[in-house]
Amino acid sequence: MRDVTTAHPVQDLDVQPTPLALLLLGREADPRSERGVECPGDLPAPSDPDLVERARAAKEKLGDKVFVLGHHYQRDEVIQFADVTGDSFKLARDAAARPEAEYIVFCGVHFMAESADILTTDDQQVVLPDLAAGCSMADMATAEQVAECWDVLTEAGIADQVVPVSYMNSSADIKAFTGRHGGTICTSSNAERALEWAFEQRESGAAKVLFLPDQHLGRNTAVRDMGMSLDDCVVYNPHKPNGGLTVEELRSAKMILWRGHCSVHGRFSLDSVDDVRERIPGVNVLVHPECRHEVVAAADYVGSTEYIIKALEAAPAGSKWAIGTELNLVRRLANRFAPEGKEIVFLDKTVCFCSTMNRIDLPHLVWALESLADGKLVNRIQVDPETEKYAKLALERMLALP
């Protein structure tokens, strides 16, 4: 049986496990879950000294038939075989721009592969090397929970004022819900514009936003970037009756934030910021907007993964940086810019990889590529037509944002 990797708990968030989280990875499966099943057949041994050569040979055999996407948070051993690297939405668009590729091998997590399937043609087949590579944040909002939330908003008499805005880091089901209810998707780069669009959708000017599934990105964008107050935001907890909120709280709120978070970014604390400033005088603190509000407020710079990379590219030689994002990327950037005299460290003293992203390892990639090279389609990610229709509608609304 596979090892079950548990994310570090995040204090104060009161996120309880759903029944789906009780599944044994690798032994059970549920079509509604982003948790996976055991790969058929045997994986190459992690100690196989020929893994790199096997991956290279299989990729060469496939030629233009395969296009490998590598998310920034992937291991170095995997990212070396990526044809393109980037964040989740960039990679999905890159896949759509390569219609000649029969196979899209997505080295990322489940919701990313779903987005690639939605945006690519019916002739293209998206493969996720390990189906157990899910996303703890995306798992925090199920279709059933969000439907129940909408019922709560309807009973409170405000559903007609609410526009859903869902983060890219969400399942296809949640994207489809967003599309059905007149909402849009956002990334960490365009969240402010997406919220501006949402608030413009009601002629009365009384629009509210239901922000899914990351409370921190929603709160940080509303308060830090758009000048709202913390009192304008309430948190809907799907594990409590009526989301743990009164009708008056729902009616007075501008931002109804889903009680979800990233298990990596949510671990950074104000103590982390204070400690690194004390240890490294003159350090620049640069964090992702999925971090807690107090961390974002204390940072010098805040931005998406792409923003972080560009900021470090433009940084002067000899500058010092503490980065609040996933460790694989931070370590890769530290090595890349070390020759330029830039000191780059992880914001927290405790090492923390994205455990589900790290499920895509070299043995799984080799297995997927060799299977495809032998004419066997494995681990295909396929979104059903009805879900795809409305999820794509929500994505297209985002693409139409100025």
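Residues numbered from 1 in each chain as written. Predicted model: local features only at pLDDT ≥ 70, side-chain atom pairs only at ≥ 80, totals over all residues. Heavy atoms only, no water.

Chemist: Got a minute to help me understand the overall build of the chain in this structure?
Modeler: A count of helical and extended segments in the chain gives 16 helices and 14 strands. Sequence-distant contacts, at least 24 apart, represent 69% of the contacts inside the chain between residues at least 6 apart. (Helix = DSSP H or I, 4+ residues; strand = E, 2+ residues; numbered from the N terminus. Contact = heavy atoms within 4.5 Å.)

Chemist: Got a minute to help me understand the sheet that holds strand β13 (residues 343-346) in this structure?
Modeler: Strand-to-strand pairing in sheets goes through backbone hydrogen bonds, with the strands running parallel or antiparallel. Read across the open sheet, the 4 strands follow the order β11-β10-β12-β13; overall the sheet is parallel. Here the strands that pair on one side only, and so sit at the sheet edges, are β11 (301-302) and β13. With 2 bridges connecting them, strand β10 (residues 284-287) and β11 associate as parallel partners. What sits directly across from Val287, in β11, is Val302. In the packing of helix α13 (residues 305-314) onto the sheet, contacts are made with β10, β11, β12 (320-324) and β13, and the angle to β10 comes to roughly 155°. (Pairing = 2+ DSSP bridges. Axes fitted to C-alpha atoms, helices over the stretch in contact; angles between N-to-C directions.)

Chemist: So what exactly am I meant to see when it comes to the packing of helix α3 (residues 88-96) against helix α4 (residues 110-119) here?
Modeler: The packing of two helices is summarised by the inter-axis angle and the distance between the axes. Packing of α3 against α4 brings their axes to within 8 Å, and their N-to-C directions diverge by 35°. Of the two possible hands of crossing, α3 and α4 adopt the one that is right-handed. Residues Ser88, Phe89, Ala92 and Ala96 of α3 form the contact with α4, whose own contacting residues are Phe111, Met112, Ser115, Ala116 and Leu119. Here the contact of α3 with α4 is built from residues that sort into 7 nonpolar, 2 polar and no charged. (Left-handed = near helix turned anticlockwise from the far one by under 90°. Nonpolar A, V, L, I, M, F, W, Y, C, P; charged D, E, K, R; others polar.)

Chemist: Which parts of the structure should I look at to understand the sheet that holds strand β2 (residues 84-86)?
Modeler: Overall, mixed pairing links the 5 strands, which are arranged β2-β1-β3-β4-β14 in an open sheet. Single-partner strands in this sheet number two, and they are β2 and β14 (380-381). Bridge analysis of strand β1 (residues 66-71) against β2 gives 3 bridges, and the strand direction is parallel. The partner of Leu69 across the bridge, within β2, is Val84.

Chemist: Whenever I open this one, the nonpolar core confuses me. Can you help?
Modeler: Nonpolar side chains in soluble globular proteins tend to be buried together. With 111 residues, the main nonpolar core has Val105, Phe211, Met255, Val287, Ile344 and Leu369 as its most contacted residues. In terms of residue count, helix α15 (residues 362-373) provides more of this core than any other element does, 8 residues in total. Beyond its immediate sequence surroundings of up to four residues, Met255 is in contact with Leu195, Phe199, Val209, Phe211, Gly218, Ala222, Met228, Asp232, Cys233 and Val234. In this structure, Trp150, Leu153, Ile174 and Leu245 belong to the second largest nonpolar core, which totals 21 residues. (Core = buried A, V, L, I, M, F, W, Y, C linked by side-chain atoms within 4.5 Å. Buried < 20%, exposed > 50% of the residue type's maximum accessible area, 1.4 Å probe, protein only.)

Chemist: What should I look at first to understand the packing of helix α8 (residues 191-199) against helix α9 (residues 215-225) in this one?
Modeler: Look at α8 against α9: their axes get within 10 Å of each other, and the N-to-C directions meet at 80°. Between α8 and α9, the angle falls in the class roughly perpendicular. Together, Ala191, Glu192 and Leu195 of α8 and Leu217, Thr221, Ala222 and Asp225 of α9 make up the contact between the two elements. (Parallel < 35°, antiparallel > 145°, perpendicular 65-115°, else oblique.)

Chemist: Before we go on, may I ask you to explain unusual backbone geometry in this structure?
Modeler: In most cases, non-glycine residues show a negative phi, while peptide bonds are predominantly trans. Pro213 follows Leu212 through a cis peptide bond whose omega is -20°. Turning to its location among the elements, Pro213 is positioned in the loop between β7 (208-212) and α9. Phi is positive for Asn379, which is not a glycine, with a value near 50°. Along the chain, Asn379 falls in the loop between α15 and β14.

Chemist: Is there a simple way to think about α15 in this case?
Modeler: The α-helix advances 3.6 residues per turn, and as a result positions three or four apart in sequence lie on the same side. Look at α15: 16 Å from first C-alpha to last across 12 residues, which is about the 16 Å you get at 1.5 Å a residue. In terms of burial, α15 is a largely internal element, 11 of the 12 residues being buried. Residues of α15 that are buried include every one of Leu362, Pro363, His364, Leu365, Val366, Trp367, Ala368, Leu369, Ser371, Leu372 and Ala373, and no others. Turning to α15, the residues buried within the fold contact α1 (51-62), β1, α2 (76-79), β3 (103-107) and β4 (125-127). (Expected span 1.5 Å × (residues − 1).)

Taken by themselves, the reported measurements are silent on function.
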